[in-house]
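Coordinate inspection notes
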Amino acid sequence: MKKNLLSLLGFLTVLTMAWGQQPNWSVNESDFQYSMTLVCRLNIDGRFLTSENDLVGAFVNNEVRG
């Protein structure tokens, strides 16, 4: 029983670390004069980001732009 509990605790720790933190920034598109759409495939460490929950932010001088 103790072994199963430790295994479950380890699994939950890894699962929590894999999700990471939610960013605390957002974009108000109407703050900018121009807009554009960027279509790309983002590859990190040999794996493509494919989840609809993945977020990418563009920053200029520590200000989020998109």
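To start, this report covers the structure provided alongside it. Quick caveat, the model's predicted, so the values are computed rather than measured.

1. Some thoughts on the overall build of the protein
When you go through the protein residue by residue, the secondary structure sums to 1 helix and 4 strands. Listing each helix as α and each strand as β along the protein from the N terminus yields α-β-β-β-β. The buried share among the 66 residues of the protein stands at 2%. Accessible area of the protein: about 7,000 Å², with a carbon and sulfur share of 55%.

2. A word on a nonpolar patch on the surface
A cluster of nonpolar side chains, Leu42, Ile44, Leu49 and Val56, forms an exposed patch at the surface whose accessible area comes to about 330 Å². By relative accessible area, leucine 49 is classed as partly exposed at 36%.

3. Some remarks on the pattern of salt bridges
Using the criterion set out here, one finds 1 salt bridge in the structure. Of the charged contacts in the structure, one is a salt bridge between glutamate 63 and arginine 65, with a shortest N-O distance of 3.4 Å.

4. Overview of the packing of aromatic side chains
Tallying each qualifying case throughout the model produces 1 aromatic pair. Here the aromatic rings of tryptophan 25 and phenylalanine 59 are separated by 5.7 Å at their centres, their planes lie at 85 degrees, and the arrangement is edge-to-face. Note that tryptophan 25 is positioned in the loop between α1 (2-19) and β1 (43-44) and phenylalanine 59 in strand β3 (residues 59-60), a separation of 34 residues in sequence. Judged by its relative accessible area of 28%, tryptophan 25 falls in the partly exposed class. Since its relative accessible area comes to 47%, phenylalanine 59 is described here as partly exposed.

Conventions we followed
Residues numbered from 1 in each chain as written. Predicted model: local features only at pLDDT ≥ 70, side-chain atom pairs only at ≥ 80, totals over all residues. Heavy atoms only, no water. Helix = DSSP H or I, 4+ residues; strand = E, 2+ residues; numbered from the N terminus. Buried < 20%, exposed > 50% of the residue type's maximum accessible area, 1.4 Å probe, protein only. Areas by Shrake-Rupley, 256 points an atom, 1.4 Å probe, with all protein chains shown as cover. Patch = residues over 30% accessible without salt bridge, like charges linked within 9 Å, V, L, I, M, F, W, Y side chains within 5 Å. Salt bridge = Lys/Arg side-chain N within 4 Å of Asp/Glu carboxyl O. Phe/Tyr/Trp six-rings, centres within 6.5 Å; stacked < 30°, edge-to-face > 60°.

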